[in-house]
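Architecture and fold: a report
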Amino acid sequence: MAPTSSLRSLALPRLTRGTASAKAAFLSGVLRLPTSTKRRLAGPPVVLDGLTLDLDTQLVLRLKKVAREPDVETLPVPAARRALLAQTRLAGGQQPIGEVQSCRVAGRPGRLYVPRGRLVRDHGAGDPLLVFFHGGGWVYGDLDSHDPLCRFLAERAGVRVLSVDYRLAPEQPFPAAYDDALAAYRWVTANAGWLGADTSRLAVGGDSAGGNLAALVALEAARSGLPLAFQLLIYPATELTRSSASHRLFGKGFYLTTEFMDGCADAYLPDAAMQASPAVSPLVADLPEGLAPAYVATAGFDPLRDEGEAYAARLAEAGVPVEAQRFDGLIHGFANWVELGATNRAALSRIADALRVGLGVGDETRTAGARTPAHALARGLRDTPGHVRRTAALVGRPEAADPQAATREAAEVEASGPASDAEPPAEDVAR
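Bear in mind the structure is a predicted one, so any value in this text is a computation, not a measurement. (Residues numbered from 1 in each chain as written. Predicted model: local features only at pLDDT ≥ 70, side-chain atom pairs only at ≥ 80, totals over all residues. Heavy atoms only, no water.)

**Things to note about helix α12 (residues 305-317)**
With 13 residues, α12 ought to run about 18 Å at 1.5 Å a step, and its terminal C-alpha atoms sit 19 Å apart, in line with that. Buried within α12 are the following residues: R305, D306, E307, G308, E309, Y311, A312, L315 and A316. At the exit of α12 stands G319, carrying a positive phi of roughly 85°. (Helix = DSSP H or I, 4+ residues; strand = E, 2+ residues; numbered from the N terminus. Expected span 1.5 Å × (residues − 1). Buried < 20%, exposed > 50% of the residue type's maximum accessible area, 1.4 Å probe, protein only.)

What follows is the structure in structure tokens.
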């Protein structure tokens, strides 16, 4: 039987008619098959722009195609939102966490993740905190879609993570999402004590559209003097005209499509002329003094690859300590694949480790007046102004991936306790 025929008979019943848990178990089982079997099922290696697509990623994309799952851009927005949520839940799995608290952040829903190592604070000292904005093209995504990722980042990095919901287009186009993100960060700086956060160790971060919002918030924080120690930008959208070479190379066949991006841009920015505005495209914005150090992660087979790396270069040119890391064999959206594939898991571990370093986690001798996280980051990156530290992207290269890495790491993590709800203080920072 031909590989395509065998894959179709294998995938259709499991991916179209099974429950969510059955689908997850099926995918996990397929990805645990021997490498030679997975290669036969996935087909010949995909090589483009000198890069080789990660085998597990190629196999999942092949399964999706064989199962005839509709592309989300072909669905009405409400149905597409449900489909994307189902996909991210399937790929994210059940990640352990010390504690989860529901809250309101500047009038918007929020979710505070507290890792087990931060459940008890010594003498009221604040913890490092990441304010996270989810991706989804400003049209899709919510607290639930990025719940597995936020849990993973919190536990692996040892930081508190505050995930913030924001208004979505087309119901609420620009500047609603940006206004909500900036209001949320201002609220955090005013309510750090309630959050258990140290204002000298605050970070903003996000993936894709959320990375765009995080970068814009970081720019405004520097302009207005708000405390900010670090930026965690995961394949951020930094230039909304979508004119780079990677958009042309990877706009079809690698999950994130040109049609999807065009639809999101039209919904978020009804005035197309706004796409080149620094108000929405940080790549063309003026970079203020005092901009926080950054870690920028990109994926080799991602249409947003080039603009993310161009933004890292701009930051470096402005003297901002920055590390840019490309995960060669991965695609846009890999950050939501917490449970699928050892390569994705290893990439996320590297991202979480960058967050840990950027916020100075583990510096037990840190006292008032000691080195700030910005100094720690610069020291950790061995960086100098005007240069990007480009980490060799061993993760994602077939010859470097460690298939047992995710299994070993998962074995170290125990089941977490139940989530709890909490309400924030009555005072709320105005937008």
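**Comments concerning the environment of N191**
Residue placement: N191 occurs in the loop between α7 (176-190) and α8 (192-195). On the basis of relative accessible area, N191 is assigned to the buried category, the value being 6%. Distance from N191 to V105, taken between C-alpha atoms, is 9.5 Å for residues 86 residues apart in sequence.

**Re the packing of aromatic side chains**
On inspection of all chains with the given rule, the structure shows nine aromatic pairs. Relative to F301, the ring of F250 lies with its centre 5.4 Å away and its plane at 55°, an arrangement referred to as tilted. On the criterion of sequence distance, the pair formed by F250 in helix α10 (residues 245-250) and F301 in the loop between β9 (294-299) and α12 is long-range, its members being 51 residues apart. Neither residue differs from the other here; F250 and F301 are each classed as buried. Ring centres of F327 and F334 lie 5.6 Å apart, and the angle between their planes is 65°; this geometry places the pair in the edge-to-face category. Here the aromatic cluster, defined as three or more aromatic residues joined through ring pairs, consists of W138, F174 and Y268. (Phe/Tyr/Trp six-rings, centres within 6.5 Å; stacked < 30°, edge-to-face > 60°.)

**Some words on the environment of A192**
Looking at the element boundaries, A192 is found in helix α8. Residue class for A192 comes out buried when judged on its relative accessible area of 4%. When neighbours within four sequence positions are excluded, A192 is seen to be in contact with A197 and T199. (Contact = heavy atoms within 4.5 Å.)

**Describing the pairing of strand β10 (residues 322-327)**
Extensive coverage of β10 is indicated by the burial of five of its six residues. Relative to β10, β9 is paired through six bridges, and the arrangement is parallel. From the neighbouring strand, A294 faces β10, where its bridge partner is V322. In this region the chain leaves β9, passes through α12 and returns to the parallel neighbour β10; the handedness of that crossover is right-handed. (Pairing = 2+ DSSP bridges. Right-handed = clockwise from strand over helix to strand, strands pointing away.)

**Regarding the pattern of salt bridges**
Within the structure shown, the criterion is met by 22 salt bridges. In this structure, D56 engages K38 in a salt bridge whose closest nitrogen and oxygen atoms are separated by 2.7 Å. Here K38 lies in helix α3 (residues 35-42) and D56 lies in helix α4 (residues 55-66), a separation of 18 residues in the sequence. A relative accessible area of 8% places K38 in the buried class. The partner of D198 in a salt bridge is R201, and the shortest N-O contact between them spans 3.4 Å. (Salt bridge = Lys/Arg side-chain N within 4 Å of Asp/Glu carboxyl O.)

So far we have only geometry, and geometry alone does not tell us how the molecule works.
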